[in-house]
Amino acid sequence: MAPSADTLRNLRVALVHHWLVRMRGGEKVLEALCQIFPQADIYTLVFDPNQISESMRQHQITTSWIQKLPWAKKHYAWYLPVFPLAIEQFDLSGYDLVISSEAGVSKGVITRPETCHICYCHTPLRYAWSAYHIYLQAVRSPFRRRLIPFVMNYLRLWDWVSSSRVDYYIANSQNVANRIRKYYRREAAVIYPPIVTTHFGQADAIGDYYLAVGQLVPYKRFDLAVEAFNQLGRPLLIVGDGPEYSRLKRKAGRNIKLLGRTSDEKLKEYLSRSRALILPGEEDFGMIAVEAHACGRPVIALARGGALETVIPELNGLFFENETVASLAEAVVRFESIETKFQPRLIQETARPFSEDRFEREIRDFIFEKYQEHCDHFTVCRGDYKPQNQRG
């Protein structure tokens, strides 16, 4: 039996997210959690109100002392070594339920034993674990290249120790569940993130371009896309910004346009009119792939990570096997030879299982079940137990 909305709304809930400076995939998940828990307070290291949705700004938002440091909103990554210290300073002792939205250090908050802590994990600390060598190789400064291994060694130790502070894990994909098992030795339920599939639709006509979307950071391998399309000479649009923007801009040929950040409406237009979406690197889950499918457009993806859970070869996309320019270029040529086989309406059907309604239902059921299970371990949760905000 599904829990009623009132059951969960009677709890005092804290949502913890690493930083709120941009509306990306993790922030969209947090926004969905805010809708499920309208009474929740939000805790985050750094907050930029100009970059966050109106619905999240309606919640009480508490930031860490990093917020007051110079240029923290834009250059928060400078303060990475002190993130663990800052996240541990949040006082969450007044909450019945804590949900950490984790891709950085959010799960490291300290809670009371009777507080149920559930972590929705987008990925374990990426730059310390799965993408460590990619990030290290991308660092240009010799001094930073020597310093980073010491910082990451410390962060790995803290990250592993703090993983035990979570009572229950949710992973955004089987790919991330495997990482949690590998790095934390913990099991995680898989609940795919919410995609508002009804907000996307087919275009009247398809343009003569391919599209790549995301934060321009090393592990997403936009450099492969740029080099492959330089060789192919096909038009490629890249939507997004990040530390790799200038380098990619210098490498891009005339057939490639870097558009920077764009509005949600413009992105939907680019997606719906593209020949295909290119995913050149390993994604944790890859919400943008499902959004492309919701527009009826196929995806050409590296055969790793979250794409293996969303892309069905020759139904809604194609894979390329190796993380190389040659492999990606070959996949694009292969796609063009069978492009007419892809049916937009069939592609759209593959996006429906990732809907927002499905996410809300699965999250509610999981949290209700695990909260009750957690309470059963404490004598305060026997017949006379009431959530903290209902105690006399």
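Predicted model only: the values in this text are computed from it and were never measured. (Residues numbered from 1 in each chain as written. Predicted model: local features only at pLDDT ≥ 70, side-chain atom pairs only at ≥ 80, totals over all residues. Heavy atoms only, no water.)

(A) Region of interest: the pairing of strand E4 (residues 97-102). The element E4 is largely enclosed, with a buried count of 6 among its 6 residues. Where burial is concerned, the two faces of E4 agree: the one with Leu97, Ile99 and Ser101 and the one with Val98, Ser100 and Glu102 are both buried. Examined bridge by bridge, E4 and strand E5 (residues 116-121) share 6 bridges and lie parallel to one another. Bridge pairing in E5 links Ser101 to Tyr120. (Buried < 20%, exposed > 50% of the residue type's maximum accessible area, 1.4 Å probe, protein only. Helix = DSSP H or I, 4+ residues; strand = E, 2+ residues; numbered from the N terminus. Pairing = 2+ DSSP bridges.)

(B) The arrangement of helix H12 (residues 325-338) in detail. Counted at 1.5 Å a residue, the expected span for H12 with its 14 residues is 20 Å, and the 21 Å between its end C-alpha atoms agrees. Listing the buried residues of H12 in full gives Val325, Ser327, Leu328, Ala329, Ala331, Val332, Phe335 and Ile338. Looking at the buried residues of H12, the elements they touch are strand E8 (210-213), helix H8 (222-232), strand E11 (277-279), strand E12 (299-302) and strand E13 (317-320). (Expected span 1.5 Å × (residues − 1). Contact = heavy atoms within 4.5 Å.)

(C) Structural detail: the packing of helix H11 (residues 287-294) against helix H13 (residues 344-351). As a packed pair, H11 and H13 sit with axes 7 Å apart at the nearest point and diverge in direction by 140°. Relative to H13, H11 is oriented oblique. Considering how the two elements wind past one another, H11 and H13 form a crossing that is left-handed. Of the residues in H13, those in contact with Val290, His293 and Ala294 of H11 are Ile347, Gln348, Thr350 and Ala351. Partitioned by chemical class, the residues of the contact of H11 with H13 number 4 nonpolar, 3 polar and no charged. (Axes fitted to C-alpha atoms, helices over the stretch in contact; angles between N-to-C directions. Parallel < 35°, antiparallel > 145°, perpendicular 65-115°, else oblique. Left-handed = near helix turned anticlockwise from the far one by under 90°. Nonpolar A, V, L, I, M, F, W, Y, C, P; charged D, E, K, R; others polar.)

(D) Summary view of the state of the cysteines. One pass over the full model with this rule turns up 0 disulfides. Cys34 carries a free sulfur, and the closest cysteine sulfur to it, the one in Cys119, is 16 Å from it. Overall, the relative accessible area of 4% leaves Cys34 in the buried class. Unpaired in this structure, Cys119 has its nearest cysteine sulfur neighbour in Cys121, at a distance of 4.9 Å. (Disulfide = S-S within 2.5 Å.)

(E) Main features of the environment of Glu349. Here Glu349 shows up in helix H13. Separated by 33 residues in sequence, Glu349 and Asn316 place their C-alpha atoms 9.5 Å apart.

(F) View of the pattern of salt bridges. With the rule as written, the count across this model stands at 29 salt bridges. A salt bridge links Glu323 to Arg221; the nearest nitrogen and oxygen atoms lie 3.3 Å apart. Taken together, the positions of Glu323 in the loop between E13 and H12 and Arg221 in the loop between E8 and H8 put the pair 102 residues apart, joining distant regions of the chain. Between Glu323 and Arg304 there is a salt bridge, with its nearest N and O atoms 2.8 Å apart. With Glu323 in the loop between E13 and H12 and Arg304 in the loop between E12 and E13, this pair connects stretches of sequence that are 19 residues apart. Within the structure, one salt-bridge network assembled from shared partners comprises Asp208, Arg234, Arg275, Glu336 and Glu339. (Salt bridge = Lys/Arg side-chain N within 4 Å of Asp/Glu carboxyl O.)

(G) Spatial organisation of the side chain of Ser162. With respect to the helices, strands and loops of the structure, Ser162 is situated in helix H6 (residues 142-162). Residue Ser162 is classed as buried on the basis of its relative accessible area, which comes to 0%. Setting aside chain neighbours within four positions, we find Ser162 in contact with Lys107 and Gly108.

(H) How the structure looks around the nonpolar core. Core analysis: the largest hydrophobic core is formed by 44 residues, its most contacted members being Leu45 and Leu92. Elements with a contribution of two residues or more to this core: strand E1 (13-17), helix H4 (83-87), E5, helix H5 (132-138), H6, strand E6 (168-171) and helix H7 (174-184). (Core = buried A, V, L, I, M, F, W, Y, C linked by side-chain atoms within 4.5 Å.)

(I) Seen up close, the side chain of Gln348. Along the chain, Gln348 falls in helix H13. Of note is the side chain of Gln348, whose polar atom sits 2.9 Å from the side chain of Gln202. At 3.0 Å, the side chain of Gln348 forms a polar contact with the backbone oxygen of Ala294. In this structure Gln348 touches Gly201, Gln202, His293, Ala294, Cys295 and Gly296, once residues within four positions along its chain are discounted. (Polar contact = N/O pair within 3.5 Å; in protein donor to acceptor, adjacent residues only side chain to side chain.)

(J) The arrangement of helix H2 (residues 25-36) in detail. Look at H2: 17 Å from first C-alpha to last across 12 residues, which is about the 16 Å you get at 1.5 Å a residue. Taken across its 12 residues, H2 has 9 buried, putting it largely inside the fold. In this structure, the buried side of H2 is in contact with E1, strand E2 (41-44), helix H3 (54-57), E4, E5 and helix H14 (356-375).

(K) Examining the sheet that holds E4 more closely. Pairing within the open sheet is parallel, and its 7 strands lie in the order E3-E2-E1-E4-E5-E6-E7. Either end of the sheet is taken by a strand with one partner, and the two such strands are strand E3 (61-63) and strand E7 (188-190). The sheet shows a mean angle of 25° between the axes of neighbouring strands, taken without regard to direction. Across the sheet, H14 lies against E4, E5, E6 and E7, angled at about 150° from E5, the strand it touches most.

(L) Spotlight on the environment of Leu308. With respect to the helices, strands and loops of the structure, Leu308 is situated in the loop between E12 and E13. Along the primary structure Leu308 and Glu330 are separated by 22 residues, whereas in three dimensions their C-alpha atoms are 19 Å apart. The contacts of Leu308, once residues within four sequence positions are left out, are Ala303 and Phe319.

(M) The arrangement of the packing of H8 against H12 in detail. At a minimum axis separation of 9 Å, H8 and H12 run at an interaxial angle of 55°. Between H8 and H12, the interaxial angle falls into the category oblique. In the packing of H8 onto H12, the handedness of the crossing is right-handed. Residues Leu224, Ala225, Glu227, Ala228, Phe229, Gln231 and Leu232 of H8 lie in contact with H12, whose contacting residues are Val325, Leu328, Ala329, Val332 and Val333. Of the residues contributing to the contact of H8 with H12, the split by class is 10 nonpolar, 1 polar and 1 charged.

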